[in-house]
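Spelled out, the chains give:
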Amino acid sequence: MHYPVIERELELRLVLSPERSICVPAKLSYRAGDPYAVHITFHTGTNAPVNWTFARELLVEGVFRPSGHGDVRIWPTKIEGRSVLCMALSSPDGDALLEAPAGAVSAWLERTLRMVPPGTEAERLGLDDALAALLAPTPADDLWLRDPWPSDESADGDA
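Residues numbered from 1 in each chain as written. Predicted model: local features only at pLDDT ≥ 70, side-chain atom pairs only at ≥ 80, totals over all residues. Heavy atoms only, no water.

*Asks:* Explain the overall build of the chain to me, please; I cannot follow it from the model alone.
*Replies:* A count of helical and extended segments in the chain gives 5 helices and 8 strands. Element order for the chain, N to C, with α for helix and β for strand: β-β-β-β-α-β-β-β-β-α-α-α-α. Counting every position in the chain, which comprises 159 residues, the buried fraction comes to 28%. Long-range pairs, those at least 24 residues apart, make up 35% of the contacts in the chain between residues at least 6 apart in sequence. Taken as a whole, the chain presents about 10,800 Å² of accessible surface, with 56% of it coming from carbon and sulfur. (Helix = DSSP H or I, 4+ residues; strand = E, 2+ residues; numbered from the N terminus. Buried < 20%, exposed > 50% of the residue type's maximum accessible area, 1.4 Å probe, protein only. Contact = heavy atoms within 4.5 Å. Areas by Shrake-Rupley, 256 points an atom, 1.4 Å probe, with all protein chains shown as cover.)

Now the structure itself:
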């Protein structure tokens, strides 16, 4: 099955110190077949890009107010008059603080919300249909549901 994908290439700033940051090309990706998640691929100049996946809801909230805890934290701020989203990412390999252009991220996020509105994600997964199919009775179920030890009593109640 083919699911639509919404992608956006952009440049983030990796903050190395209060005075120094470097540009990091990145790609935001949202897949209707994985409706609860957003994916970010960072192109760090090595052979293997760095991929992060986290809840779309966390990013939506992070556009407006500080959100997340643990491995992914996002909050809006202004830096030199620019609206940015700060993303603090932590992993066993290290920590990173990134700044993303808030307008570009918000516009991309809006497209994902139009494609799969909040609250409709479960419908996209087809879990209800899959569960119904899994639990639907089959003709063979009659064999399993029959009493394997019929009673000695007659059907009409006379013993």
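Further notes follow.
*Asks:* Would you take a moment to explain the environment of R82 for this structure?
*Replies:* Turning to its location among the elements, R82 is positioned in strand β7 (residues 82-91). Here R82 falls in the partly exposed class, since its relative accessible area comes to 38%. Between the C-alpha atom of R82 and that of P101, which follows or precedes it by 19 residues, the distance is 7.9 Å. Setting aside its immediate chain neighbours within four residues, R82 contacts T77 and E99.

*Asks:* When you look at unusual backbone geometry in this model, what are you seeing that I'm missing?
*Replies:* Outside of glycine, negative phi angles account for most residues, and trans bonds account for most peptide bonds. Phi at E80 is positive, roughly 50°, even though this residue is not glycine. Relative to the helices and strands, E80 resides in the loop between β6 (72-79) and β7.

*Asks:* Just checking my understanding: could you explain the sheet that holds β7 for this structure?
*Replies:* Think of a sheet as strands paired side by side through backbone hydrogen bonds, with each pair either parallel or antiparallel. Spatial strand order, β4-β3-β2-β1-β8-β7-β6-β5: 8 strands in an open sheet with antiparallel pairing. The outermost strands of the open sheet, each flanked by one partner alone, are β4 (50-55) and β5 (67-69). Ignoring which end each strand starts from, the neighbouring axes of this sheet average 35° apart. Note: strand β2 (residues 20-31) against strand β3 (residues 37-42), 4 bridges, orientation antiparallel. Across the sheet, A26 pairs through a bridge with F42, a residue of β3. Sheet contacts for helix α1 (residues 56-64): β2, β3, β4, β5, β6 and β7; angle to β6, the most-contacted strand, approximately 25°. (Pairing = 2+ DSSP bridges. Axes fitted to C-alpha atoms, helices over the stretch in contact; angles between N-to-C directions.)

*Asks:* What's the story with α1 in this structure? I'm lost.
*Replies:* Every α-helix carries 3.6 residues per turn, so stepping three or four residues along brings you back to the same face. Where α1 is concerned, the buried positions are R56, L58, L59, G62 and V63. Viewed end-on, α1 has its buried residues packed into an arc of 155°, placing them on one side of the element. Along α1, the residues that are exposed and aim more than 90 degrees away from the buried face are E57 and F64. (Arc of directions from axis to C-beta.)

*Asks:* Would you mind going over the environment of R65 with me for this structure?
*Replies:* Within the fold, R65 resides in the loop between α1 and β5. In this structure R65 comes out as partly exposed when scored by relative accessible area, which is 46%. Contacts of R65, omitting those with residues within four sequence positions, involve I74, W75 and P76.

*Asks:* Is there a simple way to think about helix α2 (residues 102-115) in this case?
*Replies:* In this model α2 runs 20 Å from its N-terminal to its C-terminal C-alpha over 14 residues, within 8% of the 20 Å that 1.5 Å per residue would give. Every buried residue belonging to α2 is among A102, A104, V105, W108, L109, T112 and M115, and all of these are buried. Here the buried residues of α2 occupy an arc of 165° about the axis, which is enough to place them on one side. Of the residues in α2, the exposed ones pointing more than 90 degrees away from the buried face are G103 and R114. (Expected span 1.5 Å × (residues − 1).)

*Asks:* Is there a simple way to explain the nonpolar core in this structure?
*Replies:* Ranked by size, the top nonpolar core spans 31 residues in total, and within it L12, F42, F54, L59, I74, L85 and W108 carry the most contacts. Tallying contributions element by element places α2 first for this core, with 6 residues. When near neighbours in sequence (up to four residues on either side) are disregarded, F54 contacts Y36, A37, V38, I40, L59, V72, I74 and M87. (Core = buried A, V, L, I, M, F, W, Y, C linked by side-chain atoms within 4.5 Å.)

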